[in-house]
Amino acid sequence: MNYNIYNKNKGIYVVLGNFDGLHIGHMSLIDEAVKLSIENNCYCMLYSFKNHPLKLINKDIAPKLLMTNTNKVKTLQKKSVDIIKLVNFDETLMKTSPEDFILNLISEYNIEGIIVGFNYRFGYKNMGTIDLLEKLSTKYNFMLKVMPPCKVNNQIVSSTKIRNLISSGNLEEANIMLNRKYSLEGIVVQGRQIGRQIDFPTANLKYDKDFVIPAIGVYYTNVEYNEKLYRAITSVGNNPTVSGNKLTIETYILDFSGNLYDKHITLFFIKKIRDEKKFDSLDALKAQLKKDKNFAKSQPFNI
Ligand SMILES: Cc1cc2nc3c(=O)[nH]c(=O)nc-3n(C[C@H](O)[C@H](O)[C@H](O)COP(=O)(O)O)c2cc1C
Ligand SMILES: Nc1ncnc2c1ncn2[C@@H]1O[C@H](COP(=O)(O)OP(=O)(O)O)[C@@H](O)[C@H]1O
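Here is what the cut-offs are and how they apply
Each residue is numbered by its place in its chain's sequence as written, counting from 1. Here every chain gets a letter starting at A, and every ligand a number starting at 1, in the order they are written. Confidence filtering applies because this is a predicted model: local features only for residues at pLDDT of at least 70, side-chain atom pairs given and counted only at 80 or more, and all residues used for totals across whole chains, interfaces and linings. The basis for every side-chain value is the complete set of heavy atoms in the structure, and neither hydrogens nor water enter the calculation. UniProt positions are given in the numbering used here, feature names are shortened, and annotations may be inferred rather than shown by experiment. The nearness test applies per residue and asks whether one of its heavy atoms lies within 4 Å of the molecule or strand. Polar contacts, as counted here, are pairs of nitrogen or oxygen atoms within 3.5 Å of one another; within protein the pair requires one atom able to donate a hydrogen and one able to accept it, and residues that are adjacent in sequence qualify only if both atoms are side-chain atoms. Using a 1.4 Å probe, the Shrake-Rupley method yields the accessible areas, and only the shown protein chains count as cover for residues. By definition, any uninterrupted DSSP run of H or I lasting at least four residues is a helix, any uninterrupted run of E lasting at least two residues is a strand, and each is numbered from the N terminus. Exposure categories follow from relative accessible area, calculated using a 1.4 Å probe and restricted to protein chains: below 20% of the type maximum is buried, above 50% is exposed, and the middle band is partly exposed. What marks off one domain from the next here is an automatic or database domain assignment. Buried area: the sum, over both parts, of the accessible surface (1.4 Å probe) that disappears when the two are put together. Salt bridges are defined by distance alone: a side-chain nitrogen of Lys or Arg within 4 Å of a carboxyl oxygen of Asp or Glu. Residues were grouped as follows: Ala, Val, Leu, Ile, Met, Phe, Trp, Tyr, Cys and Pro as nonpolar; Asp, Glu, Lys and Arg as charged; and all remaining residues, including Gly, as polar.

An unreviewed UniProt entry annotates the chain as Riboflavin biosynthesis protein originating from Inconstantimicrobium porci. UniProt, in its Function (unreviewed entry) section for the chain, records the words "Catalyzes the phosphorylation of riboflavin to FMN followed by the adenylation of FMN to FAD." The record in UniProt for the chain states the following under Sequence similarities (unreviewed entry): "Belongs to the ribF family."

Q: I'd like a rundown of the site of ligand 2, residues and numbers included.
A: The environment of ligand 2 is formed by 20 residues, the closest being Gly191, Gln193, Arg196, Leu260 and Tyr261. Between ligand 2 and Pro201 there is a distance of 3.4 Å, counted from a nitrogen atom to a backbone nitrogen or oxygen. A distance of 2.9 Å is found between a nitrogen atom of ligand 2 and a backbone nitrogen or oxygen belonging to Phe256. Protein burial of ligand 2: of its 550 Å² of free accessible surface, 94% is covered by the chains. Counting only elements with at least two residues in the shell around ligand 2, the list comes to β9 (203–205) and β12 (248–253). No other element matches the 3 residues that β12 contributes to the shell around ligand 2.

Q: I'd like a rundown of the environment of Asn110, residues and numbers included.
A: Mapped onto the secondary structure, Asn110 falls in the loop between α5 (98–108) and β4 (111–117). A relative accessible area of 28% places Asn110 in the partly exposed class. Spatially, the C-alpha atoms of Asn110 and Phe142 are 9.9 Å apart, while their sequence positions differ by 32 residues. Side-chain polar atoms of Asn110 contact the backbone oxygen of Lys10, separated by 3.3 Å.

Q: Got a sec to walk through the domain arrangement of the chain? Specific residues and values, please.
A: The domain boundaries assigned to the chain delineate domain 1 (7–156) and domain 2 (181–297). For domain 1 versus domain 2, the separation of C-alpha centres amounts to 37 Å. With both chains or domains summed, domain 1 and domain 2 bury close to 630 Å², and 54% of this area falls on carbon and sulfur atoms. Between domain 1 and domain 2 we count 1 salt bridge in total. Across the salt bridge formed by Asp210 and Lys55, the nearest N and O atoms sit 3.3 Å from each other. For the interface between domain 1 and domain 2, the tally reads 5 residue pairs in polar contact (both at pLDDT 80 or more). For the side of domain 1 that touches domain 2, a count of residues per class yields 3 nonpolar, 2 polar and 2 charged.

Q: Can you break down the side chain of Thr96 residue by residue, with the values?
A: Take Thr96: it is sitting in the loop between α4 (91–94) and α5. The exposure class assigned to Thr96 is buried, which follows from its relative accessible area of 11%.

Q: Tell me about the site of ligand 1, residues and numbers included.
A: Near ligand 1 there are 21 residues, and of these Gly195, Thr241, Glu250, Arg274 and Lys277 occur at the shortest range. A distance of 3.2 Å separates an oxygen atom of ligand 1 from a polar atom in the backbone of Pro240. Contact between ligand 1 and Lys277: a nitrogen atom at 2.6 Å from a main-chain N or O atom of the residue. About the coverage of ligand 1: the protein hides 97% of its 620 Å² of free accessible area. When grouped by side-chain class, the residues that make up the shell around ligand 1 number 8 nonpolar, 8 polar and 5 charged.

What follows is the structure, encoded as structure tokens:
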């Protein structure tokens, strides 16, 4: 919703951070902000960036992403966040000192309180610390709530941890930390049309290289197409059996037939089934695909 239509006399609890992936740690901050805003008859706002700050600061070390902005906004709207502000992280913002960053925020919005995570850093060169934020909260008179780390199996949940789990094929643990199934989406493009010759047509995803790609291997997935969900098996790999030379993400959808070229699909990665193998023949690949398909049939089906 547009801030302009809001009652400017009403205070705002703002949650600050980068929030890639909206994992359970992020959600604990957002839930707290929503709770405080309801209790105090205020608005709840999430203030974050459209682009990952490192993409501007140092492109070479910018991480691959876990979530599109569109999906981020959809999830936040379901959580009753009143104002979602995703600002462009540009040169000016990059050079803003920690104190100015907070000053700009409180001069633009009627800030009642700020909610951040335990390791939040902000402002030019990430020089702003929790200590500084505490001092600023006294100086400028806003409430500050610092949320403790959220853990799974004694490990602190973080976007970096989740990226590493996905790119090493541990989707089950990543999904626990995300509290949803990791997904990639895009349109279906043409491949070499070998799949249909072995009765396993595969929808080849035109994937966006800005997002984290699961480790090479075969996965049990669920596919959303045309608002319907299907069981599926997905290969992330170089297809050595057919002398492939580029990474493809290909999905055989169970109980589906039809033409998917140019259609939009979403793949939900549930668990890795096996490593990619180079088979001696297409028949051997086909026999393995039958096993993968049977495995998929035995798996729970919900996202
Ligand atoms: C679930 C699944 C598992 C796969 N596993 C392998 C594999 O282990 N080794 C391999 O070389 N190709 C594997 N493939 C990829 C096939 O080689 C590829 O889908 C086939 O060549 C058809 O591709 P095309 O129709 O795009 O030409 C797998 C594909 C799927 C859908
Ligand atoms: N069950 C299915 N799973 C995946 N794709 C299917 C299925 N049934 C039909 N298709 C269609 O077949 C195409 C894949 O056939 P395939 O021979 O593998 O060609 P390509 O190499 O172009 O992917 C998909 O893009 C889709 O349009």
